[in-house]
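These are the residues of each chain, in order.
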Amino acid sequence: MFLLKALIVIGTFCFMEFMAWFAHKYIMHGFGWNWHKDHHQHHKGFFERNDYYAVVFSIIAASSIIYGNINSDFWFLTWIGTGVTCYGVAYFIFHDIIVHRRVKIKFVAKNKYLKRIMNAHYVHHRVHTKDGAEAFGFLYAPQKYDPKKRE
């Protein structure tokens, strides 16, 4: 049973990268642009309207964990919610701390993988409008975003 729970968490974590890409491309840069646009523009303050997306995903994750714990027929929702939560933590560390430095730390990426996903995110942010952006993923970027290949 432990292995099954672990596979559900890992599978959900991986699926969340697709969901994040999909939501970023078709919702955040679509009908949800009003929440996302301040993330593409310079602004004062720590919080952005874009943070509402984290609240929405947190509610989904917490609700899944709670419902899975109170209803044994839906036990698997606990582990799906855990996978969503783990993805949210990884996203926060990568996106908000490492890339956007919303929490001030000294960090220099030396790892090829980190350099690639950071570069992809910087390429995405070259566009300050709803349309014309590329690289909508968060924790995965194709090799074409390797900084040496884009120079």
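This text goes with the structure placed above it.
Our subject in this report is the structure included herewith.

Conventions adopted
- Residues numbered from 1 in each chain as written.
- Predicted model: local features only at pLDDT ≥ 70, side-chain atom pairs only at ≥ 80, totals over all residues.
- Heavy atoms only, no water.
- Core = buried A, V, L, I, M, F, W, Y, C linked by side-chain atoms within 4.5 Å.
- Buried < 20%, exposed > 50% of the residue type's maximum accessible area, 1.4 Å probe, protein only.
- Helix = DSSP H or I, 4+ residues; strand = E, 2+ residues; numbered from the N terminus.
- Salt bridge = Lys/Arg side-chain N within 4 Å of Asp/Glu carboxyl O.
- Expected span 1.5 Å × (residues − 1).
- Arc of directions from axis to C-beta.
- Contact = heavy atoms within 4.5 Å.
- Axes fitted to C-alpha atoms, helices over the stretch in contact; angles between N-to-C directions.
- Parallel < 35°, antiparallel > 145°, perpendicular 65-115°, else oblique.
- Left-handed = near helix turned anticlockwise from the far one by under 90°.

**What to know about the nonpolar core**
Phase 1 of the analysis: Ranked by internal contacts, the top residues of the largest apolar core, which has 20 residues, are Tyr87, Phe94, Met118, Phe138 and Tyr145.
Phase 2 of the analysis: Listing elements by their share of this core, those giving two or more residues are helix H1 (2-31), helix H4 (76-99) and helix H5 (112-124).

**A few points about the pattern of salt bridges**
Phase 1 of the analysis: Evaluation of the coordinates by the stated rule reveals two salt bridges.
Phase 2 of the analysis: Close ionic contact of arginine 102 with aspartate 51 constitutes a salt bridge, the shortest N to O distance being 2.8 Å. Taken together, the residues arginine 102 in the loop between H4 and H5 and aspartate 51 in the loop between helix H2 (33-36) and helix H3 (52-70) connect sequence positions 51 residues apart.
Phase 3 of the analysis: You can call arginine 102 buried: its relative accessible area is 15%.
Phase 4 of the analysis: Residue arginine 102 pairs with aspartate 96 through a salt bridge whose shortest N-O separation is 3.6 Å.

**Considerations on H3**
Phase 1 of the analysis: Over its 19 residues, H3 runs 27 Å from end to end, which matches the ideal 27 Å to within 8%, given 1.5 Å per residue.
Phase 2 of the analysis: All of the buried residues along H3 are Tyr53, Ala61, Ser64 and Gly68. In an axial view of H3, the angular spread of the buried residues amounts to 65°, which keeps them on one side of the axis. In this structure, H3 carries Ile59, Ile66, Asn69 and Ile70 as exposed residues pointing more than 90 degrees from its buried face.
Phase 3 of the analysis: Summarising the contacts, the buried residues of H3 are in contact with H1, H2 and H4.

**Overview of the packing of H1 against H4**
Phase 1 of the analysis: Closest axis-to-axis distance for the H1/H4 pair is 8 Å, and the angle between their directions is 50°. On the basis of their axis angle, the class for H1 and H4 is oblique. Judged by the twist between their axes, the crossing of H1 over H4 is right-handed. Residue-level contacts link Lys5, Ile8, Val9, Thr12, Phe13, Met16, Glu17 and Ala20 of H1 to Phe76, Trp79, Ile80, Thr82, Gly83, Val84, Cys86, Tyr87 and Ala90 of H4.

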